[in-house]
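# Descriptive structure summary
In case you want the letters, here they are:
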Amino acid sequence: MPERRGGCHRTLWFSLQYDSETVEQGETVGNGALATVRWYDGEPVGDGHLQGQFAALKDVVGDMLDKGVFTPSTARQYLKRKLAERVGDRQELLIPTGESPFEKASLNHS
């Protein structure tokens with residue numbers, strides 16, 4: 001788990017190569033988000049629900065990409081927006097941007 005600013009974060013990878021029949025390979029750098037993770041007794045706790053929701057979200061977005069509803073760009077934007085909505089204020093969510101390595105996610109970004 002990556003360490004950042006003294007805390008631990010879970011990596012949430014946006015690539016859809018395992019969720020879409022039309023995506024052959026996904027970017028491995030700068031193509032995801034970091035969500036804070038609480039630790040108890042040396043183990044990550046409390047983010048299993050988010051991991052499950054994110055996996056389901058990627059599965060649906062991959063299907064929509066295969067059906068032509070999304071382009072790769074709109075699929076990534078949709079993933080970012082929906083992930084930020086699900087995380088809300090419960091966890092810190094960091095998503096890479098063009099200007100700086102990461103910015104704190106806001107529901108105002110689309």
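Up top is the structure these notes are about.
Remember, it's a predicted structure, so these values are computed and weren't measured experimentally. (Residues numbered from 1 in each chain as written. Predicted model: local features only at pLDDT ≥ 70, side-chain atom pairs only at ≥ 80, totals over all residues. Heavy atoms only, no water.)

This part takes up the pattern of salt bridges. Summed over the entire model, instances satisfying the criterion amount to 4 salt bridges. One salt bridge connects D47 with R10, and the closest N-O pair in it is separated by 2.6 Å. With D47 in the loop between β5 (43-45) and α1 (48-66) and R10 in strand β2 (residues 7-13), the pair connects residues that are 37 residues apart, well separated along the chain. R10 shares its class with D47; the two are buried. Note that K82 is salt-bridged to E85, the shortest N-O span being 3.2 Å. A residue pair is termed a helical-turn pair when its members lie 3 or 4 positions apart in one helix, as K82 and E85 do in helix α2 (residues 72-87) at 3 residues. Where salt bridges share partners, they join R81, K82 and E85 into one cluster. (Salt bridge = Lys/Arg side-chain N within 4 Å of Asp/Glu carboxyl O. Helix = DSSP H or I, 4+ residues; strand = E, 2+ residues; numbered from the N terminus. Buried < 20%, exposed > 50% of the residue type's maximum accessible area, 1.4 Å probe, protein only.)

So, on to the pairing of strand β3 (residues 32-36). Along β3, 4 of the 5 residues are buried, which leaves the element largely enclosed by surrounding structure. Looking at chain direction, β3 and strand β6 (residues 93-95) are connected through 2 bridges and run antiparallel. Considered in β6, the bridge of A35 is made with L93. (Pairing = 2+ DSSP bridges.)

This part covers the nonpolar core. Judged by nonpolar contacts, the single largest core of 19 residues is most densely connected at F14, L16, F54, V61, L79, L83 and L93. Secondary-structure elements contributing two or more residues to this core are β3, α1, α2 and β6. Among all residues touching V61, those that are not within four sequence positions of it are L16, F70, A75, Y78 and L79. (Core = buried A, V, L, I, M, F, W, Y, C linked by side-chain atoms within 4.5 Å. Contact = heavy atoms within 4.5 Å.)

Before going further, it helps to spend a moment on α2. End to end, α2 covers 23 Å across 16 residues, agreeing with the expected 22 Å (1.5 Å per residue, within 8%). Within α2 the residues assigned to the buried category are A75, L79, K80, L83, A84 and V87. Projection of α2 onto a plane perpendicular to its axis shows the buried side chains occupying an angular sector of 165 degrees, all on one side. Positive backbone phi, at 55 degrees, marks G88, one or two positions downstream of α2. (Expected span 1.5 Å × (residues − 1). Arc of directions from axis to C-beta.)

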